[in-house]
Amino acid sequence: KWPVVITSVLMAVTIGSYGIAELINDKSSGGDIYIKNWKTKITSKELRELYNQDIYLLNYGEQGKMMLERNAIETALLIKDAERKKITVTEKEIFDKISGEKAFSDEKGNFDPKKYDTNLGNMYRNQKDPEMRRHTFEKKIQNEILKEKVRAEVIKDVKPTEKEIQDDFHDKYDKLEY
């Protein structure tokens, strides 16, 4: 229940701050999405870049394609919200997150650049240039950190009461058996 509540609060604050009716998808502008209340837009180029960061999801068929499209728009909105709130990500934060991934580590737990490039080659088969794959993935990680920071900012004041926690627990685990 709480992950759903927190996600709902996050989306309500994000969507509520621009109003869903205020999104204008102008086909004549090449697919840019305008956010009227924020006086900004998400360009089709930005959406394509976000789309390419998760392109490997297409391996999962129609469901992956739907997830890919939803992720691109959600990420674009959260990035714009981060810009408005002046939330940033440092190069060190990006490196720390990447180097902490087990998939990119050797047997001793140290970051292995060769393993990193091999995994990125598998994820981004359509990109032949290793430098471009690194850039795409590192931008994806930067966006993930931005989203985490925006979410943390939004939910920092959400504090469930003891009763709400207990009610949630009972809703999940108390079952009547006949």
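This write-up is about the structure you can find in this document. (Residues numbered from 1 in each chain as written. Predicted model: local features only at pLDDT ≥ 70, side-chain atom pairs only at ≥ 80, totals over all residues. Heavy atoms only, no water.)

**Details of the overall build of the protein**
Okay, so step 1: The helix and strand inventory of the protein stands at seven helices and three strands.
Okay, so step 2: Every one of the 178 residues in the protein was classed for burial, and the buried ones make up 30%.
Okay, so step 3: Look at the contacts in the protein between residues 6 or more apart in sequence, and 53% of them connect residues 24 or more apart.
Okay, so step 4: When the accessible area of the protein is evaluated, it comes to approximately 11900 Å², of which 55% is carbon and sulfur surface. (Helix = DSSP H or I, 4+ residues; strand = E, 2+ residues; numbered from the N terminus. Buried < 20%, exposed > 50% of the residue type's maximum accessible area, 1.4 Å probe, protein only. Contact = heavy atoms within 4.5 Å. Areas by Shrake-Rupley, 256 points an atom, 1.4 Å probe, with all protein chains shown as cover.)

**Some details on helix α3 (residues 61–84)**
Okay, so step 1: Counted at 1.5 Å a residue, the expected span for α3 with its 24 residues is 34 Å, and the 35 Å between its end C-alpha atoms agrees.
Okay, so step 2: Where α3 ends, the next residue or the one after it, Lys86, has phi of about 60°, a positive value. (Expected span 1.5 Å × (residues − 1).)

**Considering the side chain of Thr75**
Okay, so step 1: Mapped onto the secondary structure, Thr75 falls in helix α3.
Okay, so step 2: Take Thr75: its relative accessible area is 6%, and that puts it in the buried class.
Okay, so step 3: At 2.7 Å, the side chain of Thr75 forms a polar contact with the backbone oxygen of Asn71.
Okay, so step 4: Discounting chain neighbours no more than four positions away, the residues touching Thr75 are Leu50, Asn143 and Lys147. (Polar contact = N/O pair within 3.5 Å; in protein donor to acceptor, adjacent residues only side chain to side chain.)

**Quick look at helix α2 (residues 44–53)**
Okay, so step 1: Turning to α2, its buried residues number three or more, namely Ser44, Leu47, Leu50 and Gln53.
Okay, so step 2: In this structure, the buried residues of α2 make contact with β2 (32–35), β3 (40–42), α3 and α6 (130–155).

**Quick look at the layout of surface pockets**
Okay, so step 1: Of the pockets and cavities examined, the largest pocket occupies roughly 230 Å³.
Okay, so step 2: Forming the walls of the largest pocket are 15 residues, and the residues nearest its centre are Glu46, Ile79, Glu83, Lys139 and Asn143.
Okay, so step 3: Of all the elements in the fold, those that place two or more residues in the lining of the largest pocket are α2, α3 and α6.
Okay, so step 4: The biggest single contributor to the lining of the largest pocket is α2, with five residues.
Okay, so step 5: The calculated volume of the second largest pocket comes to roughly 190 Å³.
Okay, so step 6: Looking at the second largest pocket, the residues that line it are Glu91, Ile94, Phe95, Ile98, Phe111, Tyr116, His135, Glu138, Lys139 and Gln142.
Okay, so step 7: For the lining of the second largest pocket, the secondary structure elements donating two or more residues are α4 (91–99) and α6.
Okay, so step 8: Of the residues in the lining of the second largest pocket, the class split is five nonpolar, two polar and three charged. (1 Å grid on protein atoms, 1.4 Å probe; cavity = no way out; pocket = protein on both sides within 12 Å on 5 of 7 lines; lining within 4 Å. Points joined across faces, edges and corners; volume = space filled by probe spheres on them. Nonpolar A, V, L, I, M, F, W, Y, C, P; charged D, E, K, R; others polar.)

**Points about the nonpolar core**
Okay, so step 1: With 27 residues, the main nonpolar core has Ile42, Ile98 and Phe137 as its most contacted residues.
Okay, so step 2: Of all elements in the fold, only β2, α2, α3, α4, α5 (113–123) and α6 reach the threshold of two or more residues within this core.
Okay, so step 3: Apart from residues no more than four positions distant in its own chain, Phe137 is found in contact with Ile98, Phe104, Tyr116, Leu120, Met123 and Tyr124. (Core = buried A, V, L, I, M, F, W, Y, C linked by side-chain atoms within 4.5 Å.)

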